[in-house]
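This is what each chain is made of:
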Amino acid sequence: MIDWIEIGRIEDIPRQGARVVRAPEGDIAVFRTQDDEVFALADRCPHKGGPLSQGIVHGKRVACPLHDWKIHLDTGLAVAPDEGCAASYPVKVLDGRVFLSLKVAARAPACATG
Amino acid sequence: MKERLVVVGNGMAGMRTVEELLKLAPDRYAITVFGAEPRVNYNRILLSPVLAGEKKFDDIVLNSEAWYAENGIALHTNKEVVRIDRAARKVVAKDGTEATYDRLLLATGSTPFMLPVPGATLPGVIAFRDMADVEAMLEASRTYQHAVVIGGGLLGLEAANGLMKQGMKVTVVHLPETLMERQLDTAAARMLRKELEARGLQFVLKGQTKEIIGKGRVQGVLLEDGRELTADLVVMAVGIRPNVTLAKSAGLYCERGVVVNDTMQSYDPRVYAIGECVQHRGQVYGLVAPLFEQAKVCANHLARIGIGRYEGSMTSTKLKVTGIDLFSAGDFTGNDTTEELVMQDASAGIYKKLVLANNRLHGAVLYGDTVDGAWYFQLMRDGTDVTDLRPRLLYGQAHLGNAGHGDIKTRVAAMPDNAEICGCNGVCKGTIVKAIADKKLFTLEDVRAHTKASSSCGSCTGLVEALLASTMGGDYSTATKKKPLCPCTEHTHDEIRTAIVGQKLKTIPDVFRGLGWKTADGCNKCRPALNFYLLTAWPGEYVDDNQSRFINERVHANIQKDGTYSVIPRIWGGETTPAELRSLAEIAERYKVPTVHITGGQRVDFLGVKKEVLPAIWGDLSKAGFVSGHAYGKAIRTVKTCVGQNWCRFGTQDSTTMGIELEKMAWGAWMPHKVKLAVSGCPRNCAEATIKDFGVVCVDSGYELHVGGNGGVKVRATDFLCAVKTPEDVLEYCAAFLQLYREEAHYLERTAPWVERVGLAYVKQKLAEDAPGRKALAERFYYAQRFSQVDPWARRAQGVDKHEFIPLKQIA
Ligand code: SRM
Ligand SMILES: Cc1cc2nc3c(=O)[nH]c(=O)nc-3n(C[C@H](O)[C@H](O)[C@H](O)COP(=O)(O)OP(=O)(O)OC[C@H]3O[C@@H](n4cnc5c(N)ncnc54)[C@H](O)[C@@H]3O)c2cc1C
Ligand code: SF4
Ligand code: FES
């Protein structure tokens, strides 16, 4: 069973933008793409910990504001040739309400340490 | 079964050999590596930047644990090999670990020489050789104040510089009369000393250490002449000795180093030796370039390819102190049979000396301008006859014209593979060329992504582009004929700007559709550019797209490395009042701002402000009459002024008021890049107007206008545009210049490269020679300003974009 936590409405997150959820395990960035897909990643860039929530969202990627690494929103993996991974969290949208689970999900192989 | 290779020494030479070997014969050996240090292999050279706080240990790791594992290498860290049993063909480590070998590679490096003076073993007296030393120094710098570095050579100066950067007061004690006497002649050494003194280092030259004093821990250094220097930390950097203890105990023939032949084998052909611990043809080396050459040959022989011979190296040195350019190679002292070419420009901080014998270059010392170091070095190594080059040799390769094959392309082609191209990331030519060839890289961006070359300070961009061109030959020219804005489109900046106006494209989606974008919603390169182009083309009409702005511009503050923000309010023309300062002080205290800094732009910076607090702090600033200084934006930044005629005995005009008027006119405008202005009251130019995007120098007869300057990475002094008579003229020319730049430059192109690209003549023609055109440009600027002079801070204090500043949700 996944524990879903309601975090807000989809309109609260700007399209091609993100908002931060403060959680005990650290900040989580919740992204909304141009076509209203929602993703959640730890708000820490695998490079040097930059706040991914502050980056520019394009397609299913975000560009870290500190040194411009690109991160895949769906997996948390850095876009090659950079290597690294931000932990990703399950999210879902029901009737415009956004739910987040704090279980670290879908860890890609490179992301073994969350 | 695989043969067994055991490597003693997990340092730079040893691991480079293993890397080379894996490339040639990945399956031939089962490899075991012993390292006395408790870590993986790292770039020892970069200990200096680590000490200076410019890099972290992680940045200098060369081979991670994963690398050893992937290549099936058994790594024993923290295990010093203490015995070699050559009969049984095994090595034994201190803790008893054993390994048998078919071939053994010794790469034990050097040990730092410690002066045998009384007190040399006190706690707090260390060398500068490995990460443990750096950690000890960093630790000391947190608790203690005074450091003495004994030895003013390369290593000593890098240590001293690093310690100074960590906040210590550092004195360098050096026995000879001049610094780095083995690399520099007296003239260059003097310039170096002056520069380092200006940065805060102290020197005791001809200083002989008699004793190190202290109870329990070092407290001072006593010199022969009776002087006593306070010291909580003493770093000895007086030289290194090849580390031959182990080899000697195993009965291998050693002189100063382990003696090896041209295939890097010791007297026991099963035992190879490499790196700083060896002596080859009477020479020992203390720099990596020759060790890497040795590594190639050694790997070659281990792989049984057997064609390589090492025949000795010529070395060159650079000092890794940020901001100091110094290069030396070969024999620079000269004698009766040599000639010298010398150029010295003390005020520019440039000194060059070349030593010639028989029309060949034998040595070079460069200070201040070292771009040609690699070229001179190459001429030296090749023994090129320089008779024809001689008249212009000192001016460098760029001045040779085609006769000297002097263009940058030929220059990089001539560089050796291990020539460092990117100083920030330590990337050599060979690495870049290989990446270009193997990974089929076509663009500068590709090279940056794959090798990190040119991705930090960018000063090597020209070299990297030239490498692309020379490696790809014809391909590159086709690849660059037209530089698209970004990978989402085929179109160039200029084409896009023209289309936006010509086809009346008014939103980002319009542009995507109209110009056939390849991606659905662009990327972080094109969206900010398009947002700016649209804003400039359709003032008052285009609605700014926040999500296409870089974070700093989106939240109107500058993100810092720890995720907090800085706040810099506008201080018009750099002039303020006690009342303004009082409110700044009160606000800073109210919000417990951790750091208040006077910026280089004559303003006050609140640093370390949390994002959530920004709107409140802005509200208070706004109430006190301040507006945003746009220190975070591609926008009008500061207008620096001097006190001018109002106070200064040389002032010719009221430069302060001129500056304030300029700032009131220009503030708030979004620009292709940041734009800085300055007004100086006379040609003494205290406001540094000639390195600004738009600079005004007051003269008796009016105002001289200067354009296209900047400080920063690549300083460029302005070009003189024209002289005008009245303050109104200054405002009009300034507005017109800014508008021309806004309408025509590429996004992220500062005025300096823009002026260079379009040519000063063009700018002059548009502004100085075409009065109606100038007036029209200025009018368009004023019109656009009607929509942009709204203080973004006040609006956010009132609640605009609230979502940017507060979390979506707090989960307990
Ligand atoms: C705060 C300040 C340093 C200070 O404490 O003195 C500063 C701080 C920064 N500078 Fe600067 N520069 C500051 C004056 C300068 C000056 C001096 C001047 O303006 O007279 C220069 C040289 C002059 C020039 O620009 O030509 C300067 C040349 C740079 C450059 C190199 C620009 C270039 O064209 O090469 C950069 C990098 C860039 O813009 O890409 C830069 C970038 C930066 C950034 C924005 C780096 C960043 O992206 O985080 C720093 C962030 C500041 C912050 O978070 O608030 N800063 N910077 C100064 C702010 C002035 C102000 O009141 O707004
Ligand atoms: C601070 C600093 C800055 C430098 N800057 C430059 C520069 O700018 N340019 C340049 O060209 N060179 C520079 N050098 C020199 C360069 O780092 C050396 O030439 C190079 O590291 C030598 O490589 P090596 O493999 O021979 O020795 P090392 O890199 O020292 O490796 C030897 C390794 O063997 C280990 N070892 C020794 N004995 C044993 C044993 N019995 N058992 C197990 N392990 C053992 C040591 O612990 C060490 O890790 C610098 C050196 C320092 C210290
Ligand atoms: S620039 Fe001229 S007027 Fe201004 S302070 Fe300097 S000397 Fe005085
Ligand atoms: S921290 Fe994200 S790119 Fe460096």
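Counting of residues starts from 1 at the beginning of each chain's written sequence and follows it residue by residue. As a convention, the first chain written is A and the first ligand written is 1, with the rest following in written order. Confidence filtering applies because this is a predicted model: local features only for residues at pLDDT of at least 70, side-chain atom pairs given and counted only at 80 or more, and all residues used for totals across whole chains, interfaces and linings. Side-chain metrics in this entry use all non-hydrogen atoms of the structure; hydrogen atoms and water are not considered.

Caption draft 1: Looking closely at the overall build of chain B. Each helix and strand counted, chain B has 27 helices and 37 strands in total. Any two residues whose heavy atoms approach within 4.5 Å at even a single point are treated as in contact. Partitioning the contacts of chain B with sequence separation of at least 6, the portion at a separation of at least 24 is 62%. When the accessible area of chain B is evaluated, it comes to approximately 35800 Å², of which 51% is carbon and sulfur surface. Strands here are runs of E lasting at least two residues and helices are runs of H or I lasting at least four, both read from the DSSP assignment and numbered beginning at the N terminus. Accessible areas in this description were obtained via Shrake-Rupley with a 1.4 Å probe; residue shielding takes into account the shown protein chains only.

Caption draft 2: Representation of the overall build of chain A in the model. Per the secondary structure count, chain A includes zero helices and 10 strands. Reading chain A from its N end, one meets helices and strands in the order β-β-β-β-β-β-β-β-β-β. Counting over 114 residues, chain A shows a buried share of 54%. Long-range contacts, defined here as pairs at least 24 residues apart, represent 39% of the contacts in chain A between residues at least 6 apart. Exposure is judged per residue with a 1.4 Å probe applied to protein chains only, and the accessible area is read against the type maximum: over 50% gives exposed, under 20% gives buried, and values in between give partly exposed.

Caption draft 3: Up close: the environment of Lys-320 of chain B. Residue and element names in this part refer to chain B. In this structure, Lys-320 sits in the loop between strand E21 (316–318) and strand E22 (326–330). The exposure class of Lys-320 is partly exposed, given its relative accessible area of 32%. Distance from Lys-320 to Ile-45, taken between C-alpha atoms, is 9.0 Å for residues 275 residues apart in sequence. Among all residues touching Lys-320, those that are not within four sequence positions of it are Ile-45, Ser-48, Pro-49 and Glu-158.

Caption draft 4: Quick peek at the pattern of salt bridges. Residues and elements named next belong to chain B. Basic side-chain nitrogens of Lys or Arg form a salt bridge, by our definition, when they fall within 4 Å of a carboxyl oxygen of Asp or Glu. The tally for this structure, following the rule as stated, stands at 56 salt bridges over all chains. The salt bridge involving Glu-80 is made with Lys-94; its shortest N-O contact spans 3.6 Å. Residue Glu-80 is located in the loop between strand E3 (74–76) and strand E4 (81–85), and its partner Lys-94 is located in the loop between strand E5 (90–93) and strand E6 (98–100); the two are separated by 14 residues in the primary sequence. For Glu-80, a relative accessible area of 39% translates into the label partly exposed. Between Lys-353 and Asp-185 there is a salt bridge, with the nearest N and O atoms lying 3.0 Å from each other. Taken together, the positions of Lys-353 in strand E24 (residues 350–357) and Asp-185 in the loop between strand E11 (169–174) and helix H7 (186–199) put the pair 168 residues apart, joining distant regions of the chain. Lys-353 sits in the buried class, given a relative accessible area of 8%.

Caption draft 5: Seen up close, the site of ligand 3. Here a residue is considered near a molecule or strand provided that any single heavy atom belonging to it is located within 4 Å of it. Surveying the vicinity of ligand 3 reveals the residues Cys-642, Gly-644, Cys-648, Phe-650, Gly-651, Gly-681, Cys-682, Arg-684, Asn-685 and Cys-686 of chain B. Charged means Asp, Glu, Lys or Arg here, nonpolar means Ala, Val, Leu, Ile, Met, Phe, Trp, Tyr, Cys or Pro, and polar covers whatever is left, Gly included. Here the residues of the shell around ligand 3 are counted per class, giving five nonpolar, four polar and one charged.

Caption draft 6: Representation of the packing of helix H22 (residues 655–666) of chain B against helix H23 (residues 727–744) of chain B within the structure. Residue and element names in this part refer to chain B. The angle between two axes is taken between their N-to-C directions and runs from 0 to 180 degrees, where each axis is a line fitted to C-alpha atoms and a helix contributes only its stretch in contact. Two elements in contact, H22 and H23, have axes whose closest approach is 10 Å; the angle formed by their N-to-C orientations is 40 degrees. Considering how the two elements wind past one another, H22 and H23 form a crossing that is right-handed. Facing Met-658, Glu-661, Leu-662, Met-665 and Ala-666 of H22, the residues of H23 in contact are Pro-727, Val-730, Leu-731, Cys-734, Ala-735 and Leu-738. Here the residues of the contact of H22 with H23 are counted per class, giving 10 nonpolar, no polar and one charged. Crossings are assigned a handedness: left-handed for a near helix turned anticlockwise from the far helix by less than a right angle, right-handed for a clockwise turn.

Caption draft 7: Fine view of the site of ligand 1. Residues and elements named next belong to chain B. Neighbouring residues of ligand 1: 22 residues in total, closest Gln-560, Ser-566, Gly-600, Lys-674 and Gly-711. Distance and chemistry together define a polar contact, namely a pair of N or O atoms within 3.5 Å, with one atom able to donate a hydrogen and the other to accept it when in protein, and with adjacent residues in sequence counting only for side-chain atoms on both sides. Contact distances for ligand 1 include 2.5 Å between an oxygen atom and a side-chain N or O atom of Ser-566. Within the backbone of Gly-711, a nitrogen or oxygen atom sits 2.5 Å from an oxygen atom of ligand 1. Partitioning the shell around ligand 1 into residue classes produces three nonpolar, 12 polar and seven charged.

Caption draft 8: Layout of the nonpolar core. All names here are of chain B. The criterion is simple. A nonpolar core is a set of buried Ala, Val, Leu, Ile, Met, Phe, Trp, Tyr and Cys residues joined through side-chain atoms within 4.5 Å. Ile-31, Val-91, Leu-104 and Leu-106 are the most contacted members of the largest nonpolar core, which has 52 residues in total. For this core, the leading source of residues is helix H9 (residues 288–302), giving six residues. Core analysis: the next-biggest nonpolar cluster, separate from the first, contains 47 residues, Leu-505, Trp-538, Ile-559 and Ala-635 among them.

Caption draft 9: The interface of chain B and chain A, seen in detail. Listed as interface residues are 32 residues of chain B and, on the opposing side, 34 residues of chain A. Both faces combined, the contact of chain B with chain A buries some 2600 Å², and carbon together with sulfur accounts for 55% of it. Broken down residue by residue, the surface that chain B buries against chain A is led by Asn-524, Leu-808 and Ile-811 of chain B, which jointly contribute 28%. Linking chain B with chain A are three salt bridges. Note that Asp-59 of chain B and Lys-48 of chain A form a salt bridge whose closest N and O atoms lie 3.8 Å from each other. For the interface between chain B and chain A, the tally reads 18 residue pairs in polar contact (both at pLDDT 80 or more). In short, buried area is how much 1.4 Å probe accessible area vanishes from two parts on joining, totalled over both.

Caption draft 10: Summary view of the state of the cysteines. All names here are of chain B. Throughout, disulfides are identified as pairs of cysteine sulfur atoms within 2.5 Å of each other. In total, this model carries zero disulfides over all chains according to the counting rule given. Here Cys-254 is not cross-linked by a disulfide; its sulfur's nearest cysteine counterpart is in Cys-277, at 8.7 Å. Of the residues examined, Cys-254 reaches a relative accessible area of 12% and is grouped as buried.

Caption draft 11: Molecular detail of the packing of aromatic side chains. Residue and element names in this part refer to chain B. Within 6.5 Å between ring centres, the rings of Phe, Tyr and Trp (the latter by its six-membered ring) count as paired, and their orientation is classed by plane angle as stacked under 30 degrees, edge-to-face over 60, tilted in between. Applying the stated criterion to the full structure yields 14 aromatic pairs over all chains. Consider the rings of Tyr-253 and Tyr-267, whose centres lie 5.0 Å apart with planes at 35 degrees: the pair is tilted. Of this pair, Tyr-253 sits in the loop between helix H8 (245–249) and strand E18 (258–260) while Tyr-267 sits in the loop between E18 and strand E19 (271–273), placing them 14 residues apart in sequence. Residue class for Tyr-253 comes out partly exposed when judged on its relative accessible area of 37%. Residues Trp-572 and Trp-667 carry aromatic rings whose centres are separated by 5.9 Å and whose planes lie at 80 degrees to one another, so their mutual orientation is edge-to-face. Of this pair, Trp-572 sits in the loop between strand E29 (565–567) and helix H20 (578–590) while Trp-667 sits in the loop between H22 and strand E33 (675–680), and the two are 95 residues apart along the sequence. When its relative accessible area of 10% is taken as the criterion, Trp-667 is described as buried. Geometrically, a lysine NZ or arginine CZ counts as sitting over a ring once it is within 6 Å of the ring centre and also within 35 degrees of the ring normal. Above the ring of Phe-113, the side-chain terminus of Arg-241 is found at 4.1 Å from the ring centroid.

Caption draft 12: Fine view of unusual backbone geometry. For the peptide bond that leads from Ala-80 of chain A to Pro-81 of chain A, omega is 5 degrees, which places it in the cis range. Looking at the secondary structure, you find Pro-81 of chain A in the loop between strand E7 (70–72) and strand E8 (88–89). Here Arg-304 of chain B, not a glycine, exhibits a phi torsion of approximately 65 degrees, which is positive. By secondary structure assignment, the location of Arg-304 of chain B is in the loop between H9 and E21. The exposure class of Arg-304 of chain B is partly exposed, given its relative accessible area of 41%. With phi around 55 degrees, Asp-801 of chain B is a residue other than glycine that occupies positive phi space. Of note, Asp-801 of chain B is situated in the loop between helix H27 (792–797) and strand E37 (809–810). We classify Asp-801 of chain B as buried; its relative accessible area is 18%.

Caption draft 13: Representation of the side chain of Asp-43 of chain A within the structure. With respect to the helices, strands and loops of the structure, Asp-43 of chain A is situated in the loop between strand E4 (38–42) and strand E5 (56–58). Discounting residues that sit within four places of it in the chain, Asp-43 of chain A has contacts with Val-20, Asp-27, Ile-28, Ala-29, Gly-49, Gly-50, Pro-51, Leu-52 and Ser-53 of chain A.

Caption draft 14: Main features of a nonpolar patch on the surface. Together, Leu-24, Ile-305 and Ile-307 of chain B make up a nonpolar patch on the protein surface, roughly 290 Å² of accessible area in all. Tracing the backbone shows Leu-24 of chain B in helix H1 (residues 12–24). Only residues above 30% relative accessible area that lack a salt bridge enter a patch, with like-charged residues linked at up to 9 Å and the nonpolar side chains Val, Leu, Ile, Met, Phe, Trp and Tyr linked at up to 5 Å.

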